[in-house]
Amino acid sequence: FRKSSDPMVRCSFHGAVLGFYSAIMTGHAQTGGGPPPSGGGPPPGGAPPGMGGGGAGTLVATEPHFAVNAEKQCNAATTGPVTITGYIYCDNYFEFWFNGALVAKDPMTFTPHNAVEVSFEWDGVSDKEYAIMCMDYASTSGYEYTETDAPQLGDGVLIAEFSDGTVTSSAWSVFVVTSGPTTASIEAGCSATNLGACVVETVEEPAGWVDRGFAVDESWSSATEYTADVAGWGRTPSWNSSASCCGTATSPMTQGPLPLNGGCSVNYAPDSPDGLAVAVVQSECLDPTVVLSELRSTMIWSSDLERDNRVLFRLTVPADTVSSSVECPVCDAAVKAAGSQRERKEVRTLSADEWKKVVEAMWIMKTTSQADGVAAYGASFRTYDYFVVKHAVAERDLRGDQAHGGPMFMTWHTAFTLEFENALLSVDPSILALPYWDASIVEPSVFTEDYFGSCPGTGPGSEVVDGAFKNWPITSNFTLDIYTTATGEAIVSPFAGSQVGMLRGATSTRTETVVMRFGSDAYTFASNDFWKCSNLDGYWNDWYGCAEGGIVGGLSLVNAVIHGGAHQGIGGKSGSDSSDFEDPTTSPNDPIFFFHHANVDRSAFHWMANNADKRATYYGYPAEDVTGAGQNAGKSFYGQSLLDTMSDAWPFTAQDLGFSDSTEAQTNADILCRVAPPTAVYTYDSMVACAAGDGSACKATWDAAEVTEVPSTTSSPETNDTTTVVSTTTGNESSVEAGSDQATTSSASGIAILGAGLALLLMS
């Protein structure tokens, strides 16, 4: 809540007349004042059985959950009932109905300011009718904290997001039931020092307003949109896992904490000054700043944030409302039999002989021509430089980077790594699978003679002259002319090598003929950060935002980034010169690239497994109106959307990836269909281990202090293929904060705000 010296301007977080707390108990509106019933809210036990939001005890209070896809996903065919989930935050108390049925009641009637997870079923056929009663606490005078020296008015606010894409906005209709103090009573002397002169007005609720088929009339108005700077988030709740209760509750009369249970899962009651205990589950004690975001939804109320205290909200969403005009394609990939997928393992778990086979096969790829390799090893053989050039062609596409800076980053690199793995196994099938490098494992170091050599390189120009890939050559006198697509067509690309004719980026002037590194062997990545992104409850671009920038929905979730951090930390720069691993165009020149990207793929693989319920919509991958991020910020071009061919200047074919003998170019949807955890030809040792055990090794721990809001002005430097966001963050509000007194109406319109701010999450 917020304070002001002017009691008629400033509001805090309460405002519904005491008498209306009786309505919470009875389900009926009241027409007069009076004290609230015992408990000041729902009966102990919280919401009715089965209506508390689902997932009781399954959520971590500080773990972010994203019910709404910020992008336009494809539309999956509805063949029956659909479960919709969501999050609701009302300052102070709400009751929620869907299609006429009561779904949830907020168990906390005052503080803390908790968000509640809800879950309910839609029949898949009828219109979707949302109805929410939201109530801000106030006494019969319209003021709160009336037993202090400084009574004040309170402001209510509602913000909600649902997995069908429904969010709060000015598209909702609003009806004010209780308002006060009235203008007439203020003119007659009502003030914070003369509460006896204050009058609160109440009108009767529209009959049947929660029922299916109810039609709003002229007595309803459009909701007014506010920002958090105006309405505020209030006192952040905290879940006490040992006591299984939600804290901390305070009195709306004295402003002090309620003594009972230390204020944990306690509601105010006028006849019980210590408070009354109420049953609350963890899914009803969520930090609203973590599960809701102004980037996806909008805070709403009536036009008078200060004096309107009990407000009704309604929205009808037609059954045929869709996220986009794109229908989800049918995925016909067969699910792999248990134990049939090849297993990618961490590089240091391989035996010396197994690792030697990988290294020798890569040297063969590096030193054998394409024609000789195909003759010796078959159609899946590719030269090592083939991959460096294919990466460069995608990155240098004149329309925009086809392999980075957007949702296609992971689909493209998944296909790229799979094609490399297929080529590696064509040389030596006994390798079984491409290993990955987990940078969170510090010992033994991989920057040794046995593995990847020194970092920085120990040669005179920081060349890597030791390790399994020592003196790994960089091609001189490069020409694109010797490469063609799978169908034999010339590759059209501006990429022509470096300024000195080497297979490096266009701006490079380096003449070293072997791989260089300028970074540090001290680079590492926190294991818990890896698992945070891999377990994130969200959509495709949410995972990408976490893995590439560490930011999702305006929240900074991790301290480093899975992808770009290694390119910068290991590759590094010497002045303005990029190392080979840091060069965004030709980073596969450094063999560590493929082991690193297999690990990035591992994160996405685990994430898809943890979000398997979104597979029908291709994990919410953007289907239309896609805008890039980072170096592609503000750009929309072919190659980004779900059904677009990936990097059509040099596409992946079904044959390239081992799907079939077809030369059909593959789309982003093809990869999400055929290289998902159930259908991919490979899996990971961590997937196998966690499936065999209790899964705890593949989970993250969350700390409230680590999930922080990111200022909208935050920017970051660019690193390698995409960008790393280095953010300045602020902590969540947990106490009274002074701020703007003026309500503002946002320009965001209706449910169509989905997608707004996604570029902010991912761009530098």
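Located above this text is the structure these notes cover.
Cut-offs used in this document
- Each chain has its residues counted from 1, running along the sequence as written.
- Given that this is a predicted model, residues contribute local features only at a pLDDT of at least 70 and side-chain atom pairs are listed and counted only at 80 or more, while totals for whole chains, interfaces and linings are drawn from all residues.
- Heavy atoms throughout the structure, all of them, feed into the side-chain values; hydrogens and water do not.
- With axes taken as lines fitted to C-alpha atoms, and helix axes fitted only over the stretch in contact, angles between N-to-C directions fall between 0 and 180 degrees.
- Strands are runs of DSSP state E lasting at least 2 residues, helices are runs of H or I lasting at least 4, and numbering of each runs from the N terminus.
- Orientation categories follow fixed angle ranges, with anything under 35 degrees roughly parallel, anything over 145 roughly antiparallel, 65 to 115 roughly perpendicular, and all other angles oblique.
- We call two residues in contact whenever any of their non-hydrogen atoms come within 4.5 Å of each other.
- Under the grouping applied here, Gly and all other residues not named as nonpolar or charged are polar, the nonpolar ones being Ala, Val, Leu, Ile, Met, Phe, Trp, Tyr, Cys and Pro and the charged ones Asp, Glu, Lys and Arg.
- Any cysteine sulfur atom paired with another within 2.5 Å is treated as part of a disulfide.
- Working definition: with a 1.4 Å probe on protein chains only, accessible area under 20% of the residue-type maximum means buried, over 50% means exposed, and in between means partly exposed.
- Centres within 6.5 Å make a pair out of two Phe, Tyr or Trp rings, where for Trp the six-membered ring is used; the pair is then stacked when the planes are under 30 degrees apart, edge-to-face when over 60, and tilted otherwise.
- Placement of a charge over a ring requires the Lys NZ or Arg CZ to be within 6 Å of the ring centre, with the centre-to-atom vector within 35 degrees of the ring normal.

### Regarding the packing of helix H9 (residues 527-535) against helix H12 (residues 592-610)
Thought 1: One can describe the packing of H9 onto H12 by two numbers: an axis separation of 7 Å at closest approach and a directional angle of 45°. Classified by the interaxial angle, the pair formed by H9 and H12 is oblique. Residues Phe 530, Trp 531, Cys 533, Ser 534 and Asn 535 of H9 lie in contact with H12, whose contacting residues are Asn 599, Arg 602, Ser 603, His 606, Trp 607 and Asn 610.
Thought 2: By residue class, the composition of the contact of H9 with H12 is four nonpolar, six polar and one charged.

### Focus: the state of the cysteines
Thought 1: Counted according to the given criterion, the structure contains eight disulfides.
Thought 2: Two residues, Cys 90 and Cys 134, share a disulfide whose sulfurs are 1.6 Å apart. Since a negative S-S torsion denotes a left-handed disulfide, the Cys 90-Cys 134 link at about 100° is right-handed. Residue Cys 90 is found in strand S3 (residues 82-91), and its partner Cys 134 is found in strand S7 (residues 128-135); the two are separated by 44 residues along the sequence. As far as the burial class goes, Cys 90 and Cys 134 line up, both buried.
Thought 3: Between the sulfur atoms of Cys 331 and its disulfide partner Cys 673 the distance amounts to 2.0 Å. Here the S-S torsion is close to 80°, and the disulfide linking Cys 331 with Cys 673 is therefore right-handed. With Cys 331 in the loop between strand S19 (308-317) and strand S20 (342-344) and Cys 673 in helix H13 (residues 668-674), this pair connects stretches of sequence that are 342 residues apart.
Thought 4: Looking at Cys 673, the relative accessible area reads 6%, which means it is buried.

### Describing the packing of aromatic side chains
Thought 1: For the coordinates displayed, the defined rule picks out 56 aromatic pairs.
Thought 2: Centre to centre, the rings of Phe 469 and Phe 595 are 6.3 Å apart; their planes meet at 40°, and the pair counts as tilted. Of this pair, Phe 469 sits in the loop between helix H8 (408-427) and H9 while Phe 595 sits in helix H12, and the two are 126 residues apart along the sequence. Exposure class is identical for Phe 469 and Phe 595. Each is buried.
Thought 3: The ring of Trp 122 has Lys 128 sitting right over it, with the charged end atom 4.5 Å from the ring centre.
Thought 4: When the ring centre of Tyr 682 is taken as origin, the NZ or CZ atom of Arg 344, which lies over that ring, is 3.6 Å away.

These values are about where atoms sit, not about what they do.
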